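# Analysis of the macromolecular model
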Amino acid sequence: MLGPLRGDSPGRIGPYEIRARLGAGGMGEVFLGDRGDGGDPVAVKTVRRDVARDPGFRHRFRREIAVARSVTSPFLAPLLDGDADAEVPWLATGYVAGPTLSAAVRRDGAMDEGEVRMLGAGLARALAAVHAAGVVHRDVKPGNVMLAEDGPRVIDFGIARDGSAAPLTTTGRMVGSPSFMSPEHVAGSGRVTFASDVFCLASVLCFAATGRDPFGDGPVAAVLYRVKYVEADLEGVPDALRAVLADCLTAEPADRPTAAELAERLAPGAARQWPETVRQHIAEYGRELARVRALDGPLLPGCTPTEAATGSRALIHQLPTQGTDFAPGLHAAPTQGPGLPTPEPPRRSRRALVAALVALVLAGAATGAILALRNNDGGKDTASSGVSSPATVAMVAGVDEDGGPDGSGTVAYGRQVRPAGWKPWRGKFTKAPLGCTAGNRVVVCRMVDGTYEALSAADGRHVWSRDTGETGLSAGYGPRGQFFMPAGATRPAVFGDTVVIVAAQRVQVLDARTGKVRWDARAGGAYTPESKPLVADGMVFVASLQLPEGTELLAYDLRTGTEKWRAPLAKKELAFFEKRNYWPLAAQGGALYALTSDGVRAYRIKDGTVLGTAAGRTAQITGDRIPDSGCGSVRVRGSAVFCPTYVSTGERGDFRDDLTLLRLKGPGLGEPDEYRLPKESVADTLLGAVADNVVTLRRQSLKATDRAGAAQPELMVVGGADGSAVGRYPLKLSAPGGRSNPTSAPMIVAGRVVWADSSALYTVPLGRDGRPGAVRRTVLDGAPGPTVAPAYDAVTNGVDFEKELLDPVLLPVGGVVHVIYDQGMAVSVPLPE
């Protein structure tokens, strides 16, 4: 929807006065404008200066304008003007006040048969006009279909071309959106024809009729594989439409109907108007447009369209989180209390010690900021660290399942440090936790229903809970793999006496002791179960809402909630299979690492300057091997940035994931080298913790098998420059009587590999050369023990986390280890000697 202009936004483009910002893409920005005479509004597309400097670009952009001018149809957003020779090239089309098809289906649900026929007949007529002009659109997808009050509109000729022209893209580069491509797209852009647009349109109509991407989700290459072999999912498409769409989705282009023929087949039985929910959705866009056009000037930062039009200012709790008044990316001024309390200063006798610890932290000896010290025993930890992590008495500000802010899974502080007043305890959350974090005051978990609960880190008593407004629902994955989280709630983050959560499209900074809100602002929701805010160097980092024009990384001041900077994360509307964890991932040494649609990117924390990008690799399908997944997560250790990437191999429909561990140098993220792993460790392997000379892996052992010959799970410790396996520890994930014994992810804590299962805590000391010693098993009093996993139909109904037996969560805070179980049980014990 409509967003405010920025400080560098133009006031005028060509003859058009700029009123608001519509969004941004890979080539530039799009603005709402008009001629200032009360005439019709327009969408003005501009091109980035660096793109415009490409010698061949202006020729291609001039052709785009000519292509768009050559096509007219009531179902196309008309080209009104353009200038390929301006300093900043631009073009203007009619503005469509309505949602994209993607946004409408996502919010209002799938359409019935008559509505799909209305949609399809209009789009087919638009493509018939495009094809009659000798043009191939080449990117027909839900994000390029706008829903106006009187019917659909096709937009974006950014990659369209004359049917007789040479491709505008380089050889081998695929143009389009994977789940809405044709087999010809996958084979190469030079083979795309008019019939390819018809194939893509049929895919769009499948999406409208079912609410699902027609070729499913998963890795991009897996989707392309299905497209290549035309394995579309037509389940749920009305019977009368299925035959029509199947004819369009045939592998041979010559066998598909033309766009004009398709329009004739879809027209009978077409609805005359959109369903009521969609009409209300469109009306919201119309009202917002009217509010902006009623302003005496452009929409500027600081308020929503309604506030700008009325001169009023809504209170924080009254600000809408969805609907007509949301301005994308607009930071709302926080409700401000006294700010964060100043940490209690250390006693005079500890000043020298504090100075020494700060120096160690700056040298990379610990993974987070130092807070007030709580050394109950007053002594030092003299145990050997084994991974060049000095034995200090520093406490990390907050620890979650990935360790500290660097996400390495390694936490290097002394065993003697404990929360004030701590003693071993057992506690209980009211529901199954799904993502937890802890500091020296509280242990906070997100529940499977999107709510949050906090226990005291000292004694396990319940201290507060927070409802996010979507009670009665449970997180999980749909039958096609779409992740759902009530209220879009993310994992929490703890930083000393502060807890940060994101839910119901708000980021909230809470007092750790009471759960009261110190400030809040707009933010996005969880893409995956791993999505979470990140706190580093006095700032909070979150992702913005998932909007058609893209998602942004937002940086807020931890104390005041003031927005400090923002940067693009995902630049387009995403299909289900493209939705990855576009959130901040880790922070180390003044750099923030986040997953973007271009790969993992490093930003300078203080101002958002891009320091480097580790781009994904080009997808190529070779036999039964599909390409690596790209860097979807990172673990940072000092200047080394580890990226686990997976290559799927195996029989068609039965792929196996092989791990490749890449190592890049931060923060520039140049060409990676491959971290050597044992050859037998690549199959079905998950990366655990990384330290200076140790990597832990959780894998299916190819050497150890059960009586039936099935591979057995194990924890592997890899060490040294040669990447050899220096330790193997069997993981007993099953127990007699059909019971399961889930195991936590391993962490490296104060020179020990640590993990937990349903009954015990396991520790393995690491020598100074990284070689592990003998495993020690410590029984956990109060742990639930092996449990029979609930039985339900996950294939038909999808995965319901409330009905799953989840892995334990390990949270080491100083010399204390909290273990949290699926049933909500929590146990807190000292880290064993």
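Check the entry above for the structure.
Because the structure is a prediction, the values reported are computed rather than measured. (Residues numbered from 1 in each chain as written. Predicted model: local features only at pLDDT ≥ 70, side-chain atom pairs only at ≥ 80, totals over all residues. Heavy atoms only, no water.)

## Comments concerning the pattern of salt bridges
Taken as a whole and assessed by the stated rule, the structure comprises 35 salt bridges. Measuring nitrogen to oxygen at the nearest pair gives 3.6 Å for the salt bridge that ties Asp 34 to Arg 293. Within this pair, whereas Asp 34 is found in strand β3 (residues 29–34), its partner Arg 293 is found in helix α10 (residues 276–293), the two being separated by 259 residues in sequence. Assessed through its relative accessible area of 27%, Arg 293 is described here as partly exposed. Within this structure, Asp 400, Asp 402, Arg 491, Lys 532 and Arg 635 form a network of salt bridges that share partners. (Salt bridge = Lys/Arg side-chain N within 4 Å of Asp/Glu carboxyl O. Helix = DSSP H or I, 4+ residues; strand = E, 2+ residues; numbered from the N terminus. Buried < 20%, exposed > 50% of the residue type's maximum accessible area, 1.4 Å probe, protein only.)

## Section: the packing of aromatic side chains
Per the stated rule, a full pass over the model turns up twelve aromatic pairs. Pairing Tyr 477 with Phe 801 gives two aromatic rings, centres 5.9 Å apart and planes at 75°, and the pair type is edge-to-face. Taken together, the residues span a long stretch of sequence, with Tyr 477 in strand β18 (residues 476–477) and Phe 801 in the loop between β47 (799–800) and β48 (809–813) at a distance of 324 residues. By relative accessible area, which is 28% here, Tyr 477 ends up partly exposed. Between Tyr 729 and Trp 755, the aromatic rings sit 5.9 Å apart at their centres with planes inclined by 50°, giving tilted as the arrangement. (Phe/Tyr/Trp six-rings, centres within 6.5 Å; stacked < 30°, edge-to-face > 60°.)

## Description of the nonpolar core
Judged by nonpolar contacts, the single largest core of 55 residues is most densely connected at Leu 101, Leu 119, Leu 147, Leu 201, Leu 262 and Trp 274. Contributing elements (two or more residues each) for this core: α3 (101–108), α4 (113–132), β8 (145–148), α6 (194–210), α7 (220–228), α8 (239–248), α9 (259–266) and α10. Top contributing element to this core by residue count: α6, with eleven residues. Not counting chain neighbours up to four residues away, the residues in contact with Trp 274 comprise Met 111, Glu 115, Met 118, Leu 119, Leu 147, Ala 148, Glu 149, Gly 151, Pro 152, Arg 279 and Ile 282. One finds Leu 554, Ala 570, Ala 586 and Ala 602 within the second-largest nonpolar core, a separate group that totals 51 residues. (Core = buried A, V, L, I, M, F, W, Y, C linked by side-chain atoms within 4.5 Å. Contact = heavy atoms within 4.5 Å.)

## A few points about the state of the cysteines
Evaluated as defined, the whole model comprises one disulfide. Here Cys 436 pairs with Cys 445 through a disulfide, and the sulfurs are 2.0 Å apart. Its S-S torsion of approximately 110° makes the covalent link between Cys 436 and Cys 445 right-handed. Cys 436 gets classed as buried once you look at its relative accessible area, which sits at 0%. Cys 248 supplies the cysteine sulfur nearest to Cys 206, a cysteine that is in no disulfide, at a spacing of 9.0 Å. (Disulfide = S-S within 2.5 Å.)

## Comments concerning α10
An ideal rise of 1.5 Å per residue puts 26 Å on 18 residues; α10 measures up with 26 Å between its terminal C-alpha atoms. Taken together, the buried positions of α10 are occupied by Val 278, His 281, Ile 282, Glu 284, Tyr 285, Glu 288, Leu 289 and Val 292. The arc that holds every buried residue of α10, seen down its axis, measures 140°, which confines them to one face. (Expected span 1.5 Å × (residues − 1). Arc of directions from axis to C-beta.)

## Examining helix α2 (residues 57–69)
Compared with an ideal rise of 1.5 Å per residue, which puts 13 residues at 18 Å, α2 spans 18 Å between its outermost C-alpha atoms and is within 8% of the ideal. Within α2, the full set of buried residues consists of Phe 57, Phe 61, Glu 64, Ile 65, Val 67 and Ala 68. Along α2, the residues classed as buried sweep out an arc of 160° about the axis, all on the same side.

## Description of the pairing of strand β15 (residues 442–447)
In summary, the side chains of a regular strand alternate between the two faces of the sheet. The element β15 is extensively covered by neighbouring structure, given that six of its six residues are classed as buried. Alternating positions in β15 separate into two faces, Val 442, Val 444 and Arg 446 on one and Val 443, Cys 445 and Met 447 on the other, with burial throughout. Across four bridges, the pairing between strand β14 (residues 433–438) and β15 is antiparallel. By the bridge assignment, Pro 433 is partnered in β15 with Met 447. The loop that links β14 with its antiparallel partner β15 comprises three residues. Linking β15 back to strand β16 (residues 452–456) in an antiparallel pair, the connection comprises four residues, with Gly 450 at a positive phi of about 85°. (Pairing = 2+ DSSP bridges.)

## Regarding the environment of Leu 805
Tracing the chain through its elements places Leu 805 in the loop between β47 and β48. For Leu 805, a relative accessible area of 19% translates into the label buried. Residues Leu 805 and Pro 742 lie 63 residues apart in sequence; the distance between their C-alpha atoms is 7.6 Å. The contact partners of Leu 805, leaving out residues within four places of it in the chain, are Ser 740, Pro 742, Thr 787, Ala 789, Pro 790 and Asp 822.

## Some points on the side chain of Asn 440
Along the polypeptide, Asn 440 turns up in the loop between β14 and β15. Relative accessible area serves as the criterion here: at 9%, Asn 440 is assigned to the buried category.

## Considerations on the sheet that holds strand β17 (residues 462–466)
Pairing in this open sheet of five strands is antiparallel, and the strands run β11-β14-β15-β16-β17 from one edge to the other. Sheet topology places β11 (399–400) and β17 at the edges, where each strand pairs with a single neighbour. Looking at chain direction, β11 and β14 are connected through two bridges and run antiparallel. Bridging across to β14, Val 399 finds its partner in Ala 438.

## Observations regarding unusual backbone geometry
In this chain, Gly 666 is followed by Pro 667 through a cis amide linkage whose omega measures 0°. Here Pro 667 shows up in the loop between β35 (654–665) and β36 (673–675). Positive phi is not limited to glycine here, since Val 230 has a value of about 50°. Topologically, Val 230 is positioned in the loop between α7 and α8. The class of Val 230 is partly exposed, set by a relative accessible area of 22%. The backbone of Ala 504 sits at a positive phi, close to 50°, despite the residue not being glycine. Along the polypeptide, Ala 504 turns up in the loop between β21 (498–503) and β22 (506–511).

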